[in-house]
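Descriptive structure summary
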Amino acid sequence: MNGVRIRPATDADLPAVCEIYNHYVRDSTATFDEVETTSEAWAEKKARIDAAGIPFLVAETDAGELLGYALGQPWSPKSAYRFTIENSIYLAPSAAGRGIGRLLLAEFLSACSESGLREVIAVIADQGAEASVALHRGAGFTDAGALQRVGVKFGRDLGVFFLQRSL
Ligand SMILES: CC(C)(COP(=O)(O)OP(=O)(O)OC[C@H]1O[C@@H](n2cnc3c(N)ncnc32)[C@H](O)[C@@H]1OP(=O)(O)O)[C@@H](O)C(=O)NCCC(=O)NCCS
């Protein structure tokens, strides 16, 4: 895509990553976090992701403006799950709806495949995340179940959809 680059995240990206994520913490049900995160917490999270050999990618403009990120985390600390991750993808609001998510997720899945991972699970809120459901289905994820009323945010009961992609 013209003007957009995808590359591995560096520590220098974390303040912008944190800012993008905190927008959705404050204003949406896309994440069930209710308290804004800090760059320090992101540094610890990135260190854990890197140590596990799981991809953490960012999308940026040619001018170096961060547009969004995609990362994976272990699905479970239990060792038999070691080839399975949960993925997460967030774009700056101004970058959404232009195909950048599709590009970033495709690159992320390729990187996961190259890292030897086998299964990717998306856990998506059942309200306010229509773009995410469309994005993941478009990338070959298939519906793998749902849970009702497992979260509460902004006084609303929320459930989650599970979507799964084999690599
Ligand atoms: C979800 C997200 C990463 C998608 O990235 P994007 O660049 O906006 O999406 P794209 O433009 O690549 O479009 C991907 C698909 O979603 C659809 N889509 C995009 N915005 C949509 C919207 N607001 N409502 C419904 N579908 C939408 C597109 O039509 C496209 O579907 P298609 O492939 O069937 O045509 C991005 O919108 C985002 O960061 N949203 C807020 C955070 C979030 O929900 N993250 C996921 C948490 S699980």
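Residues numbered from 1 in each chain as written. Predicted model: local features only at pLDDT ≥ 70, side-chain atom pairs only at ≥ 80, totals over all residues.

1. Some thoughts on the nonpolar core
Ranked by internal contacts, the top residues of the largest apolar core, which has 30 residues, are Val-17, Leu-57, Tyr-69, Ala-70, Leu-104, Leu-105 and Phe-108. Contributions of two or more residues to this core are made by helix H1 (14-27), strand E2 (56-61), strand E3 (66-74), strand E4 (84-91) and helix H3 (100-114). Looking at which element gives the most residues to this core, the answer is H3, with 6 residues. If we skip the residues at most four places from it in the chain, Tyr-69 touches Ala-9, Val-17, Ile-20, Leu-57, Val-58 and Tyr-90. Counting 7 residues, the second-largest nonpolar core is a separate cluster that includes Ala-30, Ala-125, Ala-129 and Phe-141. (Core = buried A, V, L, I, M, F, W, Y, C linked by C-beta atoms within 7 Å. Buried ≥ 20, exposed ≤ 12 C-beta atoms within 10 Å, placed from the backbone. Helix = DSSP H or I, 4+ residues; strand = E, 2+ residues; numbered from the N terminus. Contact = placed C-beta atoms within 7 Å.)

2. Focus on the site of the ligand
In the vicinity of the ligand, 21 residues are found, and the nearest of them are Ala-30, Gly-101, Arg-102, Ala-131 and Ala-134. Elements represented by at least two residues in the shell around the ligand include exactly E4, H3, strand E5 (119-125) and helix H4 (130-138). Class assignment of the residues belonging to the shell around the ligand gives a composition of 13 nonpolar, 5 polar and 3 charged. (Near = placed C-beta within 6 Å. Nonpolar A, V, L, I, M, F, W, Y, C, P; charged D, E, K, R; others polar.)

3. Overview of the packing of H1 against helix H2 (residues 39-51)
Orientation of H1 relative to H2, taken along the N-to-C sense of each, is 110 degrees, at an axis distance of 9 Å. Overall, the two elements H1 and H2 adopt an arrangement that is roughly perpendicular. On H2, the residues touching Leu-14, Pro-15, Val-17 and Cys-18 of H1 are Ser-39, Trp-42, Ala-43 and Lys-46. In terms of residue class, the contact of H1 with H2 is built from 6 nonpolar, 1 polar and 1 charged. (Axes fitted to C-alpha atoms, helices over the stretch in contact; angles between N-to-C directions. Parallel < 35°, antiparallel > 145°, perpendicular 65-115°, else oblique.)

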